[in-house]
Amino acid sequence: MVAPLSAPQLLILSASAGDYRRLIEDALPDLPLVATASVAEATTLGAACPLVLGDPVLVRQMLPDLVALDWVQSTWAGVDALLEPNLRRDYVLT
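The structure reproduced in this document is the subject of the present report. These numbers were taken from a predicted model, which means no experiment stands behind them.

## Some thoughts on the sheet that holds strand S4 (residues 71-74)
Then comes step 1: Taken in spatial order, the five strands line up as S2-S1-S3-S4-S5 in an open sheet, and their pairing is parallel. Two strands in the sheet have a free side with no partner beyond their single neighbour: strand S2 (33-36) and strand S5 (92-93).
Then comes step 2: Where strand S3 (residues 51-54) and S4 come together, four bridges link them in parallel fashion. Paired with Leu-53 across the bridge in S4 is Gln-73.
Then comes step 3: Along the sheet, helix H2 (residues 39-46) contacts strand S1 (10-13) and S2; its crossing angle with S1, the most-contacted strand, is approximately 175 degrees.

This is the structure:
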């Protein structure tokens, strides 16, 4: 028998983290997530999350600490903070 797939954990790192949390929990109630507007709290609670929904400036601050990062969904179109040449690029950015 094949074990059921577990959902990857989502880190929401945004000034509007509470609003995003409510919307995502309504749509995907079984998705484990961490939501915060604090980079310090995100680093402590969400560094192992492979999925991030966040404000690019905040995500940029903790990018080195996101050890399992696979995908970042920006909360806005201006992603310049994540495109600096010295930053890692081993994840999908949308």
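## Regarding the nonpolar core
Then comes step 1: Ranked by size, the top nonpolar core spans 17 residues in total, and within it Leu-11, Leu-13, Val-59, Leu-63 and Leu-66 carry the most contacts.
Then comes step 2: Broken down by element, the residue count for this core peaks at three residues, all from helix H3 (residues 56-62).
Then comes step 3: Contacts of Leu-13, omitting those with residues within four sequence positions, involve Thr-36, Ala-37, Ser-38, Val-39, Ala-42, Leu-53, Gly-54, Asp-55, Leu-58, Val-59 and Met-62.
Then comes step 4: Among the nonpolar cores identified, the runner-up in size contains eight residues, and Ile-12, Ile-24, Leu-31 and Leu-53 belong to it.

## Things to note about the pattern of salt bridges
Then comes step 1: Under the criterion given, the structure shown has four salt bridges.
Then comes step 2: Put simply, Arg-60 and Glu-84 hold a salt bridge, and the shortest N to O gap is 3.7 Å. Note that Arg-60 is positioned in helix H3 and Glu-84 in the loop between S4 and S5, a separation of 24 residues in sequence.
Then comes step 3: Take Arg-60: its relative accessible area is 24%, and that puts it in the partly exposed class.

Cut-offs applied
Residues numbered from 1 in each chain as written. Predicted model: local features only at pLDDT ≥ 70, side-chain atom pairs only at ≥ 80, totals over all residues. Heavy atoms only, no water. Pairing = 2+ DSSP bridges. Helix = DSSP H or I, 4+ residues; strand = E, 2+ residues; numbered from the N terminus. Contact = heavy atoms within 4.5 Å. Axes fitted to C-alpha atoms, helices over the stretch in contact; angles between N-to-C directions. Core = buried A, V, L, I, M, F, W, Y, C linked by side-chain atoms within 4.5 Å. Buried < 20%, exposed > 50% of the residue type's maximum accessible area, 1.4 Å probe, protein only. Salt bridge = Lys/Arg side-chain N within 4 Å of Asp/Glu carboxyl O.

Interpretation note: all reported values are geometric properties and have no functional meaning in isolation.
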